[in-house]
Amino acid sequence: MVEDSYDAVVVGAGGDGPVTAWKLAEAGLSVLVLEAGPFYGNEQWPRPNEEPGGEASSSPEDLSGDLLDEQFTTREFEMITKLVFGPADHERGFWFRKFPGDGAILQCAGVGGTTLHYTGCHPRAYPASIDEQGHWPIEYADLIPYYQEVEEMCDVTPAPVTAKEELFFRGAADAGWDLIEDLNVTEPGYRPQPNAIRQPDEKLHVDAGYDGDFTYPDVEGDTLALGNIAGNPHPRGAPYEEKSKRASNVSFVPPALRTGNVTIRPNAFVTDVITVTPRGDTPTAIGVEFRDTWSGSVEQVDSDVVVLAAGAIETPRLWLNADLPANEWVGRGLTIHFGDNVMGLWDPDDLDETIGSDTIDQHEGQDIAARFDYPGVGMLQTVGTAPGIGAILGFGASASGFAFQNDTAGEPWDTIGRLAGTELKRLLSDYRRMLQILVVSDDRPHQRNGVTVAPGAADEHGPIPIVNYEPSEGDRQRRDELARIAADILREAGASHVHRSDSPPTALHVHSTMRMGKVVDEACEAYDVNRLFVADHSVLANGVGGANPTNTGQALAARTGEKIVERHF
Amino acid sequence: MVTSRIGDWLAVAWQTLTSIGGLLLEFAGIGPDVDPHTRVTFRAIADAVVPETPGLAEELGPEHVPGGLAVDLDEFTVTYVDDGFQLGLPHLGPQGNIPIADPIAHLLDSAALTLLEREDNEREPDLDRALSLLGPDDPSPAAVEEDGIVGPFAKLSRRDRLRAIAIVDEFDVEFAPTDDDLLELDAGLVGQLVIGFMEMIYYSEWQGYDEFTQPPSRRVHPNDRSAVQSWRQTGFPGFANGYAALRGYVGTAESPLGDGDTWATVDETADVRIVRESGAFRENEYDTSGYVEPFPAESG
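Nothing here was measured: the structure is a model prediction, and the numbers come from that model. Counting restarts for each chain: residues are numbered from 1 in the order of the written sequence. Chains and ligands are labelled by the order in which they are written, letters from A for the one and numbers from 1 for the other. Only residues with pLDDT of at least 70 are given local features in this predicted model, and only at 80 or more are side-chain atom pairs given and counted; all residues enter the totals for whole chains, interfaces and linings.

1. With respect to the overall build of chain A
Step number 1: When its secondary structure is counted, chain A shows 14 helices and 20 strands.
Step number 2: The C-alpha atoms of chain A give 23 Å as radius of gyration, which agrees with the globular expectation for 569 residues (25 Å, within 12%).
Step number 3: Taken over the C-alpha atoms alone, chain A extends approximately 75 × 55 × 45 Å along its principal axes.
Step number 4: Taking all 569 residues of chain A together, the buried fraction comes to 69%. Only DSSP runs of H or I with at least four residues qualify as helices, and only runs of E with at least two residues qualify as strands; both kinds are numbered from the N terminus onward. We compute the radius of gyration over the C-alpha atoms and compare it with the globule rule, which gives 2.2 Å times the number of residues raised to the power 0.38. To assign burial, the other C-beta atoms lying within 10 Å of each residue's own C-beta are counted, with C-beta atoms placed from the backbone; 20 or more indicates buried, 12 or fewer indicates exposed, and intermediate counts indicate partly exposed.

2. Overview of the overall build of chain B
Step number 1: The number of helices and strands found in chain B is ten helices and five strands.
Step number 2: Evaluated residue by residue, chain B yields a buried proportion of 40% over its 300 residues.
Step number 3: Of the contacts formed within chain B by residues at least 6 apart in sequence, a portion of 53% connects residues at least 24 apart. It is the C-beta atoms, placed from the backbone, that decide contacts: two residues are in contact if theirs lie within 7 Å.

3. Observations regarding the sheet that holds strand β14 (residues 434-441) of chain A
All names here are of chain A.
Step number 1: Read across the open sheet, the seven strands follow the order β4-β11-β12-β14-β10-β19-β13; overall the sheet is mixed. The open sheet is flanked by β4 (189-192) and β13 (415-416), the only strands paired with a single partner.
Step number 2: Bridge analysis of strand β12 (residues 378-383) against β14 gives six bridges, and the strand direction is antiparallel. Residue pairing in the sheet places Q381 in a bridge with L438 of β14.
Step number 3: Of the strands in this sheet, β4, β11 (370-374), β12 and β14 touch helix α6 (residues 163-174), which is tilted by about 30 degrees from β11.
Step number 4: Helix α13 (residues 473-492) rests against β10 (339-345), β11, β12, β14 and β19 (497-500) of the sheet, and its axis sits at about 155 degrees to β14. Pairing between two strands is assigned when DSSP locates at least 2 bridges connecting them. Working convention: axes come from line fits to C-alpha atoms, limited for helices to the stretch in contact. Angles between N-to-C directions cover 0 to 180 degrees.

4. Considerations on the packing of helix α11 (residues 387-394) of chain A against helix α9 (residues 188-203) of chain B
Step number 1: Look at α11 of chain A against α9 of chain B: their axes get within 7 Å of each other, and the N-to-C directions meet at 160 degrees. Relative to α9 of chain B, the element α11 of chain A lies roughly antiparallel. The hand of the α11 of chain A/α9 of chain B crossing is right-handed. On α9 of chain B, the residues touching P387, G388, I389, A391 and I392 of chain A of α11 of chain A are G196, F197, E199, M200 and Y203 of chain B.
Step number 2: Side-chain classes follow a simple rule in which Ala, Val, Leu, Ile, Met, Phe, Trp, Tyr, Cys and Pro form the nonpolar group, Asp, Glu, Lys and Arg form the charged group, and the remainder, Gly included, forms the polar group. Class assignment for the residues of the contact of α11 of chain A with α9 of chain B results in seven nonpolar, two polar and one charged. Angular relationships are summarised with four words: roughly parallel below 35 degrees, roughly antiparallel beyond 145, roughly perpendicular across 65 to 115, and oblique for the angles in between. Crossings are classed by handedness, with left-handed meaning an anticlockwise turn of the near helix from the far one by less than a right angle and right-handed meaning a clockwise turn.

5. Description of the interface of chain B and chain A
Step number 1: Facing 96 residues of chain B, the contacting portion of chain A comprises 107 residues.
Step number 2: Secondary-structure elements contributing two or more residues to the side of chain B that touches chain A are α2 (36-49), α3 (56-60), α8 (158-170), α9, α10 (229-234), β3 (249-251), β4 (258-267) and β5 (272-278) of chain B.
Step number 3: Among the elements that line the side of chain B that touches chain A, the one with the most residues is α9 of chain B, at eleven residues.
Step number 4: Residue classes in the side of chain B that touches chain A are distributed as 48 nonpolar, 30 polar and 18 charged.

6. Describing the pairing of β12 of chain A
Residue and element names in this part refer to chain A.
Step number 1: The buried fraction of β12 is high, at six of six residues.
Step number 2: Because side chains alternate across β12, one face comprises the buried residues G378, L380 and T382, and the other comprises M379, Q381 and V383, equally buried.
Step number 3: Note: β11 against β12, four bridges, orientation antiparallel. Counted as the bridge partner of D373 is M379 from β12.
Step number 4: Hairpin connection between β11 and β12: a loop of three residues separates the two successive antiparallel strands, and G376 in this loop has a positive phi of roughly 95 degrees.

7. So, the environment of F99 of chain A
Residue and element names in this part refer to chain A.
Step number 1: Mapping F99 onto the fold places it in the loop between α3 (76-83) and α4 (127-131).
Step number 2: Take F99: there are 24 C-beta atoms within 10 Å of it, and that puts it in the buried class.
Step number 3: Each C-alpha atom of the pair F99 and G561 lies 32 Å from the other, and the pair is 462 residues apart in sequence.
Step number 4: Contacts of F99, omitting those with residues within four sequence positions, involve A104, I105 and V467.

8. A word on the environment of G242 of chain B
Step number 1: Secondary-structure assignment places G242 of chain B in the loop between α10 and β3.
Step number 2: Among the residues examined, G242 of chain B registers 25 C-beta atoms within 10 Å and is labelled buried.
Step number 3: Separated by 171 residues in sequence, G242 of chain B and V71 of chain B have C-alpha atoms that sit 29 Å apart.
Step number 4: Excluding anything up to four places from it in sequence, G242 of chain B contacts L204, F214, V219, T223, L224, A225 and H234 of chain A.

9. Focus on unusual backbone geometry
All names here are of chain A.
Step number 1: Geometrically, the link from Y216 to P217 is a cis peptide bond, its omega value of 5 degrees lying close to zero.
Step number 2: Structurally, the position occupied by P217 is in the loop between β5 (194-195) and α7 (248-251).
Step number 3: H234 connects to P235 through a cis peptide bond whose omega is -5 degrees.
Step number 4: Position of P235 relative to the elements: it lies in the loop between β5 and α7.
Step number 5: One non-glycine residue, N232, lies in positive phi territory at about 45 degrees.

10. Some remarks on the sheet that holds β3 of chain B
All names here are of chain B.
Step number 1: The sheet built from three strands is open, its strands ordered β3-β5-β4 with antiparallel pairing. Both outer strands of the open sheet, β3 and β4, are each paired with one neighbouring strand and no more. The mean inter-strand angle of the sheet, taken between neighbouring strand axes irrespective of direction, is 40 degrees.
Step number 2: One ladder, built from three bridges, connects β3 with β5; its direction is antiparallel.

11. Topic: the UniProt feature "domain: Glucose-methanol-choline oxidoreductase C-terminal" (unreviewed entry) in chain A
Step number 1: UniProt feature "domain: Glucose-methanol-choline oxidoreductase C-terminal" (unreviewed entry): in the numbering of this structure it lies at residues 445-557 of chain A.
Step number 2: Taken as a whole, residues 445-557 of chain A contains 25% helix and 15% strand, while its terminal C-alpha atoms sit 20 Å from one another. UniProt positions are given in the numbering used here, feature names are shortened, and annotations may be inferred rather than shown by experiment.

12. Focus: α3 of chain A
Step number 1: Where burial is concerned, most of α3 of chain A is hidden: eight out of the eight residues are buried.
Step number 2: All of the buried residues in α3 of chain A are E76, F77, E78, M79, I80, T81, K82 and L83 of chain A.
Step number 3: Elements in contact with the buried residues of α3 of chain A: α11 of chain A together with α9 of chain B.

13. Some points on the nonpolar core
Step number 1: Ranked by size, the top nonpolar core spans 240 residues in total, and within it V9, V11, V31, V307 and A486 of chain A carry the most contacts.
Step number 2: A total of eleven residues in this core trace back to one element, the largest contributor, which is α9 of chain B.
Step number 3: In this structure V31 of chain A touches Y6, D7, A8, V10, A21, L24, A25, N261 and V262 of chain A, once residues within four positions along its chain are discounted.
Step number 4: Core analysis: the next-biggest nonpolar cluster, separate from the first, contains 13 residues, A104, I336, F338 and Y469 of chain A among them. Note on definitions: a nonpolar core is a set of buried residues drawn from Ala, Val, Leu, Ile, Met, Phe, Trp, Tyr and Cys, linked by C-beta atoms within 7 Å.

14. Quick look at the packing of helix α5 (residues 101-117) of chain B against α8 of chain B
All names here are of chain B.
Step number 1: Between α5 and α8, whose axes approach to 8 Å, the crossing angle comes to 105 degrees. On the basis of their axis angle, the class for α5 and α8 is roughly perpendicular. Facing α5, whose interface residues are L107, L108, A111, A112, T114 and L115, α8 presents D160, R163, A164, I165, I167 and V168.
Step number 2: A breakdown of the residues in the contact of α5 with α8 according to their chemical character gives nine nonpolar, one polar and two charged.

15. Things to note about the environment of A457 of chain A
Step number 1: With respect to the helices and strands, A457 of chain A occurs in the loop between β15 (450-452) and β16 (458-459).
Step number 2: Spatially, the C-alpha atoms of A457 of chain A and Q133 of chain A are 36 Å apart, while their sequence positions differ by 324 residues.

This is the structure in C-alpha cells:
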C-alpha cells in the first residue's frame with residue numbers, strides 16, 4: 001500500500017537508488033522507492049511482464065528465488081529483450097531514446113536497474129581520476145569507507161580463473177605487464193576482476209570431478225555458467241538472497257526492506273518533481289508525480305526530501321521536463337567510457353599449447369573476470385558472451401563501415417569494421433576459440449555531450465532524452481592506445497587473427513550528467529533546488545578513470561544517504 | 001475502496017475495448033500485415049547479412065551452409081523492429097508500437113540508388129536476384145515488377161547491399177515514420193537494426209522457440225544445440241546451469257590474492273601462478289602526486 005506522504009521518495013531502484021534508500025531507512029526514515037520497470041523475483045508480481053500484479057512491496061517475505069529462476073531464463077535474446085529499458089508489458093516496445101549514429105544506450109528497467117545485466121564488476125575508481133584530473137570537489141579518501149561498506153555488502157572478491165582468464169593473463173604477462181594486487185590502483189597492469197559475484201563452490205574445480213546438476217544447496221555461490229548479462233539466477237534453486245550475483249536487487253533491496261521502513265513501487269514512472277518557491281527564494285522539492293505504466297493513471301506523493309536515482313539519462317530528462325531551474329550543466333558532461341571491442345581467434349594447436357585445451361569456451365566461467373588497468377587511459381576486460389551478444393558486440397556495429405571496405409596494412413589487427421556475410425559465418429564458426437576484449441576508455445566530460453529534450457519528440461512520459469556524444473581527440477587517442485594494447489595482449493597469447501570493431505559510441509556505462517560541483521554540491525543536494533538530491537551515476541564528476549562505475553556510484557549513494565540524514569532529519 | 005473497485009472495473013473495461021479495437025484494426029488491415037515490398041527487402045537484407053554459403057561446406061562442414069532465410073530470419077526481424085518501439089499508450093499492446101520496417105525498406109532503396117549514382121556498386125543490379133528471393137505466397141514475378149514490390153536494394157548483389165547499408169550510416173537526414181509529434185528516428189538506427197540486431201537474433205537462441213511472440217511464461221525452448229541452426233554453426237552447446245571449469249585464482253608467493261597448490265604458472269619471472277585458493281585484494285596506501293596525463297586531457 002502506497003501512502004500519500006513519506007520522509008523521502010527515491011526515484012529509481014537501479015544500481016544506486018536502493019543503496020540510498022537502505023541508508024535512509026536504517027536511520028529510521030520512511031522511504032518510498034518508485035521504479036519505472038517491473039520487480040522480478042517478487043511474489044506480488046508472479047507474471048511481471050504479462051499482468052499488472054500488485055501495487056507495491058514492503059516486505060522481504062515477498063522476495064522469491066523460485067520466481068527469479070523462472071523469470072531469468074538466461075536465454076540471451078529473450079533476456080535482453082526483457083530487461084532493456086522499457087515498460088513491463090512484454091507486448092510493448094522499448095522506451096525510445098535518441099542516440100547519435102548507430103550506437104545505443106544499454107540500460108535496464110526494473111528493480112535492480114542496469115545491475116540486472118551488469119557483469120558484477122566492482123573495481124574502485126582510479127584514485128588519480130578523482131584527486132588529479134580536476135573534476136571532483138571531494139577526495140578519493142572520502143570515498144574509501146563507503147567503498148569498504150559497499151564491497152562488504154556485495155561480497156566483492158577476486159574473480160575466479162577459467163580458461164579464458166588464464167589465456168588473457170598469459171598474454172598480459174608476456175606483453176610485459178605486471179600483476180596488480182591492490183584495490184587502489186595507480187599504475188598500469190593486469191589483475192583479476194574485483195567482482196560482486198560470490199566465488200564458485202570449490203567443488204567446481206576442474207580437478208574435483210563434480211558431476212552434479214549445479215543447483216543449490218548442492219553448490220553455493222557462482223556456478224561459472226556465464227549468464228550475468230542475461231540476469232544470472234544461479235545457482236538455480238537458491239533463495240533470493242543466496243543468488244551469486246550481487247546486483248542491487250539482491251545486495252541492497254533485501255536489507256532495505258528488512259528495516260520495515262521501505263516500500264518499493266515498480267511500474268511507476270516519475271514525470272514531475274513538485275516544488276514550492278517562497279517569494280524570491282530557491283525552490284524546495286516537496287514530492288513527485290508519477291504515472292502507472294500499466295494503467296496510465298497519474299498519482300502524486302509528498303515527501304520531505306526527493307532523491308533522483310533514475311540514472312544518468314533519465315535523471316536530467318526528469319529535471320528538464322519538470323521545468324526546474326536552468327543550470328548550464330544539467331544533462332551536460334556525459335561520459336560513456338567511449339569503448340571498443342578487440343577480438344582474438346586461435347588455432348586449436350596453439351591453444352592446446354597455451355592453456356591445455358583446444359577450445360577457450362568463453363561460455364564457461366564468469367562473463368568478465370580478468371582486467372587490465374591503465375590510470376589516465378582506461379581499462380581492458382575479457383568478455384565471455386553467448387554467441388548472439390558476441391555477434392552484435394564484436395561484429396555487428398562499427399564506425400568504419402564493413403571490414404571488406406577497410407585496409408589494415410601496418411595495423412595491429414587483421415580486420416577492422418563491421419562483419420557480415422560469409423566472413424561473419426566463418427569467424428563465428430570459431431566461437432569456441434575466440435576471446436573478446438572490451439576496451440573501456442577514460443573519456444572526459446565535455447559540455448557538448450549530454451542529454452537534452454525537445455518539444456515534439458515525446459512519449460507518454462514527456463519529451464524523450466536526446467543524447468549527444470562526440471569524443472574529443474584525447475578521448476580517441478586513449479581508446480586507440482587501449483585497442484593497440486589489447487591487440488598486443490591477444491597476439492602474445494597466441495591469437496592467429498585479431499579483429500577490431502571500431503565500435504560507434506555506445507553507452508554501456510553512463511555517467512556525469514548531473515555532476516558534483518556543477519549541478520549538485522558535495523552532499524549531492526542540488527544547488528538550485530532545496531531538498532532535492534541526486535544519488536545515481538549522474539553525479540559522478542567524471543568517468544572515474546574508465547573503471548566500471550557501479551562501486552563508485554553505490555559508494556557515493558551510501559554517502560549521500562548519510563548526508564541527507566545529517567542535513568535534514 | 002469502492003472508488004478503487006470502480007477504477008479497477010474501468011481499467012478492465014478499457015483494456016477489453018482496446019484489445020477488441022486492436023483486433024478490429026488488424027482485421028481492417030491496419031496492423032501487423034507486412035507490405036510485400038518490405039517483405040522482399042528484408043529477405044534481401046537477411047540474404048546479405050547471413051547468407052546461404054555452399055562454399056563453406058567443404059571448408060567447415062555441411063551444417064555451415066544454410067543462412068538466415070532458411071530459418072525465416074527476415075520475417076522475425078520485421079516483427080521485431082515493428083514491435084521494438086512504442087507510442088506509450090497502455091492497453092493498445094502491439095497496436096501501440098510504431099511500425100518502422102516499411103520506412104527502413106524504403107530508406108534502403110534510396111541508399112541503393114545513391115550507391116548506383118556514385119557507381120560504387122561492384123556488380124550490376126539484377127532483377128533475377130530479387131525474384132529469387134520471392135516466396136510461395138508472393139505475387140507472380142510479373143506482378144512483382146509492375147507493382148514496385150522489388151526495389152533497387154533487392155536487385156543488388158549481396159555485397160553491394162552491404163555497401164548500401166553502409167551508406168545509410170552516412171545519412172544525416174532524419175525521417176519521421178509516423179508524424180512529427182511522435183518520434184523521429186535517425187538513419188543510424190537502421191544499420192543497427194538490420195545488421196547488429198539481425199546478427200544478434202540469428203546467433204542467439206531465437207530460432208529454437210515454438211513462438212517467440214508468446215507471453216514469456218508460455219514460451220517454450222528446447223535448449224538443445226540441434227534445435228538451433230546457428231548453434232550448430234557456432235558450436236554453442238546451449239544454456240547450462242553451471243560448469244566445473246574453475247582453475248583457481250591468481251597469486252604469487254608474496255601476494256595476498258591467492259594461495260595453495262599451483263595449477264599453472266603464468267609468468268615465471270614474476271612468479272605469477274594460478275593457485276587453488278583465493279585471497280583478497282590489498283587495501284594499499286596510494287600516492288597520486290606523480291600522475292601525468294598520458295594524452296591530451298581537454299575538458300569542459
